[in-house]
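Here is how the chains run, residue by residue.
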Amino acid sequence: MLTLVKKRGGSIVPFDRIRIETALEKAYTATGIPIERSDIVDLTDRVLHTIDMTHGEEDATPTVEYIQDLVEQEISKKGDFLVAKAYIIYRHERAEARELEQQRMVERLERHEISVKKRSGKMVPFNEADIIKAVENVCQGFEKCVDMQDIVAKVRLNIYDGITTSEINKAMVMTLKTQIEHDPMFSFVSARFLINDIYKEVIGTDEFTNHFVQLHKKGFKESVKAGVAAKRLAPELLNFDLEKLAAAIDTKRDKLFQYMGVQILTDRYFLRDAKQKILETPQYFWMRVAMGIALNETDRDAVAINFYNTISQMLYVPSTPTLLHSGTVHPQMSSCFLTTVEDDLKHIFKCVGDNAQLAKWSGGVANDWTNIRGTNAL
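K.L.:
Describe the overall build of the protein chain, listing the residues and the values that go with them.
P.N.:
If you tally the helices and strands in the protein chain, you get 15 helices and 7 strands. A compact globule built from 378 residues would reach a C-alpha radius of gyration of about 21 Å, whereas the protein chain, at 26 Å, exceeds it by more than 25%. Across its three principal directions, the C-alpha atoms of the protein chain cover 80 × 80 × 35 Å. Counting across all 378 residues of the protein chain, residues that qualify as buried make up 38%. Across the protein chain, the fraction of contacts at a sequence separation of at least 24, relative to all contacts at a separation of at least 6, is 63%. Summed over its atoms, the accessible surface of the protein chain is roughly 21600 Å², and 53% of this surface lies on carbon and sulfur atoms. The centroid of the 49 positive side-chain charges in the protein chain is displaced by 5 Å from the centroid of its 54 negative side-chain charges.

K.L.:
Which residues make up the sheet that holds strand S3 (residues 115-117), and what are the values?
P.N.:
With respect to topology, 3 strands assemble into an open sheet ordered S4-S3-S5, the strand pairing being mixed. The two strands at the open ends of the sheet, each matched to only one other strand, are strand S4 (123-125) and strand S5 (163-164). Of the pairings in the sheet, the one linking S3 to S4 comprises 3 bridges and is antiparallel in character. Its bridge partner being in S4, Lys117 is matched across the sheet by Met123.

K.L.:
Just give me the short version of the pairing of strand S7 (residues 364-368), but keep the residues and values in it.
P.N.:
Each regular strand carries side chains that alternate between the two faces of the sheet. By the bridge criterion, 5 bridges tie strand S6 (residues 336-340) to S7 in an arrangement that is parallel. Bridged to Thr340 within S7 is Asp368. For the segment spanning S6, helix H15 (residues 345-360) and S7, crossover handedness is right-handed.

K.L.:
Break down the packing of aromatic side chains for me, with residues and values.
P.N.:
For the coordinates displayed, the defined rule picks out 6 aromatic pairs. Aromatic pair Phe257 and Trp286: ring centres 6.3 Å apart, planes at 5 degrees, arrangement stacked. Of this pair, Phe257 sits in the loop between helix H10 (242-248) and helix H11 (259-269) while Trp286 is found in helix H12 (residues 282-294), placing the two residues 29 residues apart along the sequence. Taken individually, Phe257 and Trp286 each receive the classification buried, so the pair is uniform in this respect. Summarising the aromatic geometry, the rings of Phe307 and Tyr316 are spaced 6.2 Å apart at their centres and angled 65 degrees between planes, so their arrangement reads as edge-to-face. In this structure Tyr316 comes out as partly exposed when scored by relative accessible area, which is 44%. Pairwise contacts between aromatic rings join Phe257, Phe270, Phe285 and Trp286 into one cluster. Over the aromatic face of Phe240 sits the side chain of Arg300, whose NZ or CZ is 5.5 Å from the ring centroid.

K.L.:
How would you sum up unusual backbone geometry? Please name residues and give values.
P.N.:
Of note in this structure, Lys231 is not a glycine but carries a positive phi near 60 degrees. Mapped onto the fold, Lys231 is located in the loop between helix H9 (212-229) and H10. You will see that Met314, though not glycine, has its phi angle at about 60 degrees, which is positive. With respect to the helices and strands, the residue Met314 is situated in the loop between helix H13 (300-312) and helix H14 (320-325).

K.L.:
Can you tell me about the nonpolar core, naming the residues and giving the values?
P.N.:
The biggest cluster of nonpolar side chains holds 64 residues, and the ones touching the most others in it are Phe126, Ile131, Ile159, Ile168, Phe220, Phe285 and Met291. Excluding residues that lie within four positions of it along the chain, Ile131 makes contacts with Phe126, Val152, Val155, Ile159, Ile168 and Met172. Core analysis: the next-biggest nonpolar cluster, separate from the first, contains 19 residues, Ile40, Leu43, Leu70 and Ile75 among them.

K.L.:
I'd like a description of the packing of helix H1 (residues 17-31) against helix H2 (residues 37-54), backed by residues and values.
P.N.:
Running from N to C, H1 and H2 cross one another at 130 degrees; their axes reach a closest spacing of 10 Å. Considered as vectors, H1 and H2 are oriented oblique to each other. When you trace H1 past H2, the crossing you get is right-handed. Touching Arg17, Ile20, Glu21, Leu24, Glu25 and Tyr28 of H1 are Arg37, Ile40, Val41, Leu43, Thr44, Asp45, Val47 and Leu48, all from H2.

K.L.:
Give me the lowdown on the side chain of Thr44, citing residues and values where you can.
P.N.:
Note on placement: Thr44 falls in helix H2. When neighbours within four sequence positions are excluded, Thr44 is seen to be in contact with Arg17, Ile20, Glu21 and Leu24.

K.L.:
I'd like to hear about a nonpolar patch on the surface, residue by residue, with values.
P.N.:
A cluster of nonpolar side chains, Leu256, Met314 and Val317, forms an exposed patch at the surface whose accessible area comes to about 230 Å². Of the residues examined, Met314 reaches a relative accessible area of 35% and is grouped as partly exposed.

K.L.:
Any details on the state of the cysteines? Residues and values, ideally.
P.N.:
Enumeration according to the criterion identifies 0 disulfides in this entry. Just so you know, Cys336 is unpaired, no disulfide at all, and the nearest cysteine sulfur is the one on Cys351, 17 Å from it.

The rules behind these values
- Residues numbered from 1 in each chain as written.
- Predicted model: local features only at pLDDT ≥ 70, side-chain atom pairs only at ≥ 80, totals over all residues.
- Heavy atoms only, no water.
- Helix = DSSP H or I, 4+ residues; strand = E, 2+ residues; numbered from the N terminus.
- Rg over C-alpha atoms; globule rule 2.2 N^0.38 Å.
- Buried < 20%, exposed > 50% of the residue type's maximum accessible area, 1.4 Å probe, protein only.
- Contact = heavy atoms within 4.5 Å.
- Areas by Shrake-Rupley, 256 points an atom, 1.4 Å probe, with all protein chains shown as cover.
- Lys, Arg positive; Asp, Glu negative; His and termini not counted.
- Charge placed at Lys NZ, Arg CZ, Asp CG, Glu CD.
- Pairing = 2+ DSSP bridges.
- Right-handed = clockwise from strand over helix to strand, strands pointing away.
- Phe/Tyr/Trp six-rings, centres within 6.5 Å; stacked < 30°, edge-to-face > 60°.
- Lys NZ or Arg CZ within 6 Å of the ring centre and 35° of its normal.
- Core = buried A, V, L, I, M, F, W, Y, C linked by side-chain atoms within 4.5 Å.
- Axes fitted to C-alpha atoms, helices over the stretch in contact; angles between N-to-C directions.
- Parallel < 35°, antiparallel > 145°, perpendicular 65-115°, else oblique.
- Left-handed = near helix turned anticlockwise from the far one by under 90°.
- Patch = residues over 30% accessible without salt bridge, like charges linked within 9 Å, V, L, I, M, F, W, Y side chains within 5 Å.
- Salt bridge = Lys/Arg side-chain N within 4 Å of Asp/Glu carboxyl O.
- Disulfide = S-S within 2.5 Å.

Quick look at the structure:
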């Protein structure tokens, strides 16, 4: 089932079939050819069936242009060639309008008429030199693989007046990400840019700042305190020697990440406060997991550092419940639960309720129904 679609700028967004149905309805209305609602639904279903057949494999995300091509084909198969022609003309006109709008935006950029909202809330003029510098920074070591001018040009197409620095960074990541299929090295470049965006959110600076390593180590203690204050981390974590643990953190290990890995961690695993602000960098995350596992050890600091060194080098990575809950106020770190269901209605519904509670805290659930009477039994 289609759930995501790739837009023209390279960003991935949730798929909405209503957009196809609306486009079909407008195309038929424009030509005055009547069509039943059921026929519109049927045409849309055929488009989606074709997409499922051609993009069924994992991580294969169809583009907007590809979907529109399929809509064109289905209209033609139905024999409504005037409608197909109107749809083609409409697409062409929209493409011209987008190109004109992009040209106007480029002209405004050149006249320095575009403003950018910084993380502090301050509005400043857009400066393309900042993007060029950011691309040069993250591409260090990959200069032979990256056409920097092409990357900057594509990012410019996503700029608008009032855009935030965070949105510019997302545009940068999306632009770099779309190049992964051409050269796998872009997976490391994209990851590096995304990680530096996380650095800025958590500790207010990136790896290209002077004394970054020292600032990152200093920020670890503040991150743990912030997690405890937000009631996300267990207060017992403050009993560790945070200075000692911070000294053991190695930011060079962030270079091990490829894009998909750090994106999944950002979306699903890193702790956030009530305002959805990220509280962890990748290495803070690994250390927090290690601390939760070592909490009851006699020499907790040594055990935490030892385990951190193992998982931060990805020699071993714990399962999802451990990554999500280790060191938190609800340290549920078991992966799987098996429930034996008795032949009793109350117990059946109790087990259903237990499954809900277990699944809430990331536990995998399974039920043993052996004791339930067979079909047609008394």
